[in-house]
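So you can see what is in the structure, the chains are spelled out below.
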Amino acid sequence: MAFVVLGVLLLVMKLAEWGPVAGWGWVWVLLPFGLALAWWGYADATGLTRRRAMEKDAARKEERRRRNIDAMGLGIKNSRRK
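Overview of the structure. Because the structure is a prediction, the values reported are computed rather than measured.

**Considerations on the overall build of the chain**
Right, on to step 1. Broken down by element type, the chain carries 4 helices and 0 strands.
Right, on to step 2. Secondary structure elements of the chain, listed N to C terminal, follow the sequence α-α-α-α.
Right, on to step 3. Since a compact globule built from 82 residues should have a radius of gyration of about 12 Å, the 24 Å found for the chain marks it as more spread out than a globular shape.
Right, on to step 4. Here the C-alpha coordinates of the chain stretch approximately 75 × 30 × 15 Å along the principal axes.

Below, the structure is given as structure tokens:
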């Protein structure tokens, strides 16, 4: 995501002919977009994207399970009282 933001920022600066980016070649301005594509390809090929999604789902399921147990009164808080 950072590569895309940087690419958009450089592209806007190049088109507005603002700052030192105005004198840069188009290859350097568009390079962050190529780096973003390479990163996304690497992340998908290695399973990094899917692994992060699975970890997020597992955390969400655990939170929902904990909330339901507390709502039924079976949580740790109530076991101390007995």
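**Notes on the pattern of salt bridges**
Right, on to step 1. The tally for this structure, following the rule as stated, stands at 4 salt bridges.
Right, on to step 2. One salt bridge in this structure joins arginine 66 and aspartate 70, with 2.8 Å as the shortest N-O distance. In this pair, arginine 66 and aspartate 70 both sit in helix H3 (residues 48-72), 4 residues apart, roughly one turn of the helix.
Right, on to step 3. Here arginine 66 falls in the partly exposed class, since its relative accessible area comes to 39%.
Right, on to step 4. Connected through salt bridges with shared partners, the residues Glu63, Arg66 and Asp70 form a single ionic network.

**Observations concerning the packing of helix H2 (residues 26-46) against H3**
Right, on to step 1. Put simply, H2 and H3 touch, their axes get as near as 5 Å, and they point 65° apart. One finds that H2 runs roughly perpendicular with respect to H3. In this structure, H2 uses Trp39, Ala43, Asp44 and Thr46 to contact H3, whose residues at the interface are Leu48, Thr49 and Arg51.
Right, on to step 2. Looking at the contact of H2 with H3 residue by residue, the class counts come to 3 nonpolar, 2 polar and 2 charged.

**Concerning the packing of aromatic side chains**
The geometry of two aromatic rings is summed up by the distance between their centres and the angle between their planes.
Right, on to step 1. One pass over the full model with this rule turns up 1 aromatic pair.
Right, on to step 2. Across the ring face of tryptophan 26, the terminal group of lysine 14 is positioned such that the distance to the ring centre comes to 5.3 Å.

**Observations regarding H2**
Right, on to step 1. Its 21 residues place the ends of H2 31 Å apart at the C-alpha level, agreeing with the 30 Å of an ideal helix rising 1.5 Å per residue.
Right, on to step 2. Its axis deflected by about 35° at proline 32, H2 carries its strongest bend there.
Right, on to step 3. Buried positions along H2 lie against helix H1 (2-15) and H3.
Right, on to step 4. Once H2 ends, the next one or two residues include glycine 47, with phi positive near 85°.

**With respect to the side chain of lysine 14**
Right, on to step 1. Within the secondary structure layout, lysine 14 lies in helix H1.
Right, on to step 2. Although lysine 14 lies buried, it forms no salt bridge, and the closest oppositely charged side chain, glutamate 17, sits 7.4 Å away as judged by the N-O distance.

Reading guide: rules and limits
Every residue gets a number counted from 1 within its own chain, in the order that chain's sequence is written. Thresholds applied to this predicted model are a pLDDT of at least 70 for local features of residues and 80 or more for the giving and counting of side-chain atom pairs; totals over whole chains, interfaces and linings are not thresholded and use all residues. Side-chain numbers come from the whole structure's heavy atoms, not from hydrogens or water. To qualify as a helix, a DSSP run of H or I must reach at least 4 residues; to qualify as a strand, a run of E must reach at least 2; elements of each kind are numbered from the N terminus. For the radius of gyration, the atom set is restricted to C-alpha positions; the globular benchmark scales as 2.2 Å times the number of residues to the power 0.38. What counts as a salt bridge is simple: a side-chain nitrogen of Lys or Arg found within 4 Å of a carboxyl oxygen of Asp or Glu. Exposure classes here rest on a 1.4 Å probe applied to the protein chains alone. A residue is buried below 20% of its type maximum, exposed above 50%, and partly exposed in between. Axis angles are defined between N-to-C directions and span 0 to 180 degrees, where every axis is a line fitted to C-alpha atoms and, for a helix, only to the segment in contact. Put simply, angles under 35 degrees are roughly parallel, angles over 145 are roughly antiparallel, angles from 65 to 115 are roughly perpendicular, and the rest are oblique. Any pair of residues with heavy atoms lying within 4.5 Å of one another is described as a contacting pair. Charged means Asp, Glu, Lys or Arg here, nonpolar means Ala, Val, Leu, Ile, Met, Phe, Trp, Tyr, Cys or Pro, and polar covers whatever is left, Gly included. Only Phe, Tyr and Trp rings take part, Trp by its six-membered ring, and two of them pair if their centres are within 6.5 Å. Stacked means planes under 30 degrees apart, edge-to-face means over 60, and tilted covers everything else. By the criterion adopted, a ring carries a charge over it if an Arg CZ or a Lys NZ lies within 6 Å of its centre and within 35 degrees of its normal. Multiplying 1.5 Å by the residue count of a helix minus one yields the expected span of that helix. The bend reported for a residue corresponds to the angle between axes fitted to the seven residues ending at that residue and the seven starting there. Charge counting follows a simple rule: Lys and Arg are positive, Asp and Glu are negative, and His as well as the terminal groups are ignored.

So yeah, pure geometry; function would need other evidence.
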